[in-house]
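Here's the letter readout for the chains.
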Number of protein chains: 2
Amino acid sequence: MLESPDHILIELKKMADEGKFTPFRNIAEHYEAADLAWALGRLDDRSLVLAFRMLGKESAAKVFVEMETDEQELLIGALTDRELRAVVDDLYLDDAADLIEELPAIVVKRILKNTDPQMREQINALLRYPKDSAGSIMTPEYIALRRTMTVAEAFDRIRKIGLDKETVYTCYVVTKSRRLEGVITVKDLLMAELDDKIESLMERDVVSFKTLDDREMVARAFDKYDFLAFPITDGEGRLVGIVTVDDAMDVLQEETTEDIEKMAAILPGDKPYLKTGVFATFKNRIPWLLILMISATVTGRIIAGFEAALAAQAALIAFIPMLMDTAGNSGSQASVTVIRALSLQELRFGDIFKVVWKELRVSLLCGVFLSLANFIKILLIDRLLFGSPISIMMAAAVCLTLCFIVVVAKFVGCTLPMGAKKIGLDPAVMASPFITTIVDAISLLIYFAITRVMLGI
Amino acid sequence: MLESPDHILIELKKMADEGKFTPFRNIAEHYEAADLAWALGRLDDRSLVLAFRMLGKESAAKVFVEMETDEQELLIGALTDRELRAVVDDLYLDDAADLIEELPAIVVKRILKNTDPQMREQINALLRYPKDSAGSIMTPEYIALRRTMTVAEAFDRIRKIGLDKETVYTCYVVTKSRRLEGVITVKDLLMAELDDKIESLMERDVVSFKTLDDREMVARAFDKYDFLAFPITDGEGRLVGIVTVDDAMDVLQEETTEDIEKMAAILPGDKPYLKTGVFATFKNRIPWLLILMISATVTGRIIAGFEAALAAQAALIAFIPMLMDTAGNSGSQASVTVIRALSLQELRFGDIFKVVWKELRVSLLCGVFLSLANFIKILLIDRLLFGSPISIMMAAAVCLTLCFIVVVAKFVGCTLPMGAKKIGLDPAVMASPFITTIVDAISLLIYFAITRVMLGI
């Protein structure tokens, strides 16, 4: 059984102290590439390079792919041309293209110099697809069969060309001009007779995507259909590559992290937290903080307009944070729920009336419940316990405000993300901080309108 | 090529109008189960049952699995015992167990009555694992091989028992007492000679999990290792089941939705948004709204303590929303980033000093930048444009407060989730709303302390 990856790190540190990494070659055999990469990344630069050199040719490429960009850059700088060529030769094409996209130009030049011309051409083709397209995450290394083949011939072909393919389990049946005709799995082949024809076994109704389709849409399709790979065709219906389930999982994870960051008013970064520099983190966080701070001018102006009234009835000021926070929380509950349902494709824009109707009823329940709870709280805690001079009329005004703003906040919270989706903006931006700023202003206006009428201030 | 699932719905509605669903059998053949389930779910109850009856035996089970719980319940009520048995027989065991977990007891009784005894026993065994354990998402339907087999014998075995297995591509080598000895993929088998022995080909260093391991941990391992399945062993190291990549994707999606809901102060529900009733949604949202509203008593008391001062210098009130929102946003940026990194296992508790040191520098940059921007804003917008009577000293006090509270908010935002993780709580609860309530109070205290010293109020 496999031991924990911490164990590799302990062994590696011992070797670093002794200055001898030869035992690493034998230890490495027993571990997964991801764990080896994790442990190597925790060594100092010199030990990292020395230990990496001990890896066998095949596992070197696997470990290399799993490393962080800055470690890859370090290795590329330290390896000889010959060592580098060995690593790059063993990369899958889509991994090579990803690598090249992230590394600085001068490093990329050295990699491409050490790539054979055919691979270089294929990598360049992949790099031409837009960043968020299906083309950018596909690999051209798939198994193509002909409809006229027998099962035995198909197995021969898989045996011959399968070693370098990212998956052999889903095979695609294409015409001479590479037009996609069908799909067949190795399971189907195993269950069939050796002299059966592919055309009698293949599935003709193939779920496929185009190179320019959104990569998140393709990744979500794995959730829906439980396949291991999807074929990607060009504008003329010719098969140009496949997207495999492991790449789809990476896409979903990245897209979800981006959504979460946007919901928290952060510009999405592309590196893990600890690998992002202080200044890069600052740059991702400051724009929304600044925009939201400036927008608070509106709430400031609203309060300024009521300064005299507030100065006269100072007890009203104490409720402002509670009202603003409750409005913000109510609104963000609705917006975050709707944003997530949109990104999981459980909701479409056409559902907007169902959503508003539902949120209206939920918000009335929440609003009435919170108002009553708050009324009791004011009576028991504020008046009895702390002896605050809050009149029953004032308490009623605060609670009525509370009920109104919860309803308004939930309405704003559910409609803004759906509206954003409709006009082609990212719904995730319409989350808590943005909604909070809007409902803050509305809440204050409602508060002052109600207190003016009820308390005559 | 496959047409869009909307097409099925149009056809089905046409059939419902004509009251004849026989053509559905032929149409259904050309579509994926997930799309058929989606379209059926959009029919009225009667049409849904009539159309479902038209599906062939095998595709009926596949479509059934993809449906929502309330549609499944409807169908179970409408099908005869014989029809029901046909559907249940063709379910994978883990799907059957999931189904039973979600349906009401009376429906479950009817299902179990229509299940053969061996399957019933296996389903019951699966149901005994805790809800969030690896055991609860595994299936006992895997392919087991012996180390002494040849490749040809292994292929024979796969052909014989593979049809009912969720995956045939990863096979597990076990001893007579079902102890896990190794793993071998169909790709390895295809690349080998037919008379090679399994023991010379199998990988002995197997990444495996225990039945009681957390299901999210197992699902994250798919991200890390790019495998199609992981073996699950019991306390004695005996293989009892496997978790496949499609189930892992479902788990990751559910866990992420739960995290997002918790971050937005919502108790996680288990149904899609539109399928959750109004009262259920209310129940998931009201607890945190209530707790946070009551906690706002603290901010209310702080303000009440300064009422006299605020009434005297009423211009100070107008900055309260801006200060509170900026503090809340700064804090939630840090907390959400840390929570996501913890759940992706990029961070451990041991990294806390690195995290605090980083957030300290980022927050100083943000704080200083926002203070300067706010100073200019007060001079240009508030004083020049609106003619507010804000003294330079007052502006300076506000900006100094701003800088302090951004630093404090980011500190609170990054430490609370890590602390929660350490003591075994869910870090996701320590997100925006919770952090906002805490930093609101701290911000007000800082604001009043600074204005008291600088303005002598």
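Criteria and thresholds
- Residues numbered from 1 in each chain as written.
- Chains lettered and ligands numbered in written order.
- Predicted model: local features only at pLDDT ≥ 70, side-chain atom pairs only at ≥ 80, totals over all residues.
- Helix = DSSP H or I, 4+ residues; strand = E, 2+ residues; numbered from the N terminus.
- Rg over C-alpha atoms; globule rule 2.2 N^0.38 Å.
- Buried ≥ 20, exposed ≤ 12 C-beta atoms within 10 Å, placed from the backbone.
- Contact = placed C-beta atoms within 7 Å.
- Pairing = 2+ DSSP bridges.
- Axes fitted to C-alpha atoms, helices over the stretch in contact; angles between N-to-C directions.
- Least-squares fit on C-alpha atoms with pLDDT ≥ 70 in both.
- Core = buried A, V, L, I, M, F, W, Y, C linked by C-beta atoms within 7 Å.
- Domains from an automatic or database assignment.
- Expected span 1.5 Å × (residues − 1).
- Left-handed = near helix turned anticlockwise from the far one by under 90°.
- Nonpolar A, V, L, I, M, F, W, Y, C, P; charged D, E, K, R; others polar.

Asks: Before we go on, may I ask you to explain the overall build of chain A in this structure?
Replies: Secondary structure assignment for chain A yields 22 helices and six strands. Radius of gyration (C-alpha) of chain A: 30 Å, far over the 23 Å computed for a compact globule of 457 residues. The C-alpha extent of chain A, read off along each of the three principal axes, is 90 × 65 × 40 Å. Across the 457 residues of chain A, 46% fall into the buried class. Counting contacts in chain A only where the partners sit at least 6 residues apart, residues at least 24 apart contribute 72% of the total.

Asks: Honestly, the environment of Ile232 of chain A in this entry has me stumped. Any pointers?
Replies: All names here are of chain A. Counting through the fold element by element, Ile232 comes out in strand β5 (residues 229-233). Spatially, the C-alpha atoms of Ile232 and Val173 are 13 Å apart, while their sequence positions differ by 59 residues. In this view, Ile232 contacts Ala134, Gly135, Met138, Ser208, Phe209, Lys210, Thr211, Val240, Gly241, Ile242 and Val243; residues no more than four positions away in its chain are not counted.

Asks: Explanation requested: the sheet that holds strand β6 (residues 239-244) of chain B in the structure shown.
Replies: Within a beta sheet, neighbouring strands are joined by backbone hydrogen bonds and run either parallel or antiparallel to one another. Residues and elements named next belong to chain B. With respect to topology, three strands assemble into an open sheet ordered β4-β5-β6, the strand pairing being mixed. Of all strands in the sheet, those with a lone pairing partner are β4 (209-210) and β6, marking the two edges. Against the sheet, helix α16 (residues 245-263) makes contact with β5 (229-233) and β6, and its axis sits at roughly 65° relative to β6, the strand it touches most.

Asks: Explanation requested: the sheet that holds strand β2 (residues 170-174) of chain B in the structure shown.
Replies: All names here are of chain B. Read across the open sheet, the three strands follow the order β1-β2-β3; overall the sheet is mixed. Pairing within the sheet leaves two strands with one partner each, and these edge strands are β1 (144-145) and β3 (180-185). Sheet topology note: the β1/β2 ladder contains two bridges and is parallel. Note that in β2 the partner of Leu145 across the bridge is Val173.

Asks: Explanation requested: the interface of chain A and chain B in the structure shown.
Replies: At the junction of the two partners, chain A supplies 101 residues and chain B supplies 101 residues. Considering each element in turn, the side of chain A that touches chain B owes the most residues, 17 residues, to helix α17 (residues 278-305) of chain A.

Asks: Whenever I open this one, the relation of the copies chain A and chain B confuses me. Can you help?
Replies: For the pair of chain copies, the relating transformation is a rotation about an axis with a translation along it. When chain A is brought onto chain B, the operation consists of a screw motion whose angular component is 180° and whose axial shift is 0.0 Å, with 0.1 Å RMSD remaining. Such values leave the two copies arranged in the relation of a two-fold axis. Using C-alpha coordinates, one finds that chain A approaches the rotation axis most closely at Ala311 of chain A, a distance of 2.0 Å. Of the interface residues in chain A, 100% have counterparts in chain B that sit at the interface too, so the contact is made through matching surfaces.

Asks: Help me out: how do you make sense of the environment of His30 of chain B in this one?
Replies: Residues and elements named next belong to chain B. Its location among the elements puts His30 in the loop between α2 (24-28) and α3 (33-40). By the C-beta count within 10 Å, which is 15 here, His30 ends up partly exposed. Sequence-wise, His30 and Ile8 are 22 residues apart; in three dimensions their C-alpha atoms are separated by 9.9 Å.

Asks: What is the right way to read the nonpolar core from this model?
Replies: Among soluble globular proteins, nonpolar side chains are generally buried collectively. Within the largest apolar cluster, 130 residues are counted, with the highest numbers of intra-cluster contacts made by Ile405 of chain A together with Ile405 of chain B. Sequence-distant contacts of Ile405 of chain A, defined by excluding residues within four places in its chain, comprise Leu323, Ala327, Val439, Ile442, Ser443 and Ile446 of chain A.

Asks: I tried to follow the domain arrangement of chain A on my own but got confused; where do I start?
Replies: Accessible area lost on assembly of the parts is the figure often given for the size of an interface. Domain annotation of chain A identifies domain 1 (5-128), domain 2 (144-261) and domain 3 (273-455). On a C-alpha basis, the centres of domain 1 of chain A and domain 2 of chain A stand 29 Å from each other.

Asks: Would you mind going over helix α1 (residues 5-18) of chain A with me for this structure?
Replies: Each α-helix winds once per 3.6 residues, and so residues spaced three or four apart point in a common direction. The end-to-end C-alpha distance of α1 of chain A is 21 Å, a good match for the 20 Å that 14 residues give at a rise of 1.5 Å each. Gly19 of chain A, located one to two residues past α1 of chain A, shows a positive phi value of around 70°.

Asks: For this particular structure, what's the right way to read the packing of helix α8 (residues 93-102) of chain B against helix α10 (residues 117-127) of chain B?
Replies: Helices that pack against each other are described as a pair by the angle of their axes relative to one another and the distance between those axes. Residue and element names in this part refer to chain B. In contact at an axis separation of 9 Å, α8 and α10 are set at 65° when each is read in the N-to-C sense. Crossing of α8 against α10: the hand is right-handed. When α8 is examined against α10, the residues Leu93, Asp94, Ala96, Ala97, Ile100 and Glu101 are found in contact with a partner set consisting of Met119, Gln122, Ile123, Leu126 and Leu127. Split by residue class, the contact of α8 with α10 holds eight nonpolar, one polar and two charged.

Asks: Explain the environment of Cys399 of chain A to me, please; I cannot follow it from the model alone.
Replies: All names here are of chain A. Tracing the sequence through the fold places Cys399 in helix α21 (residues 392-422). On the basis of neighbour count, Cys399 is assigned to the buried category, with 23 C-beta atoms found within 10 Å. With 228 residues separating them in the primary sequence, Cys399 and Cys171 have C-alpha atoms 65 Å apart. Leaving out residues up to four positions away in the same chain, Cys399 has contacts with Ser371, Asn374 and Phe375.

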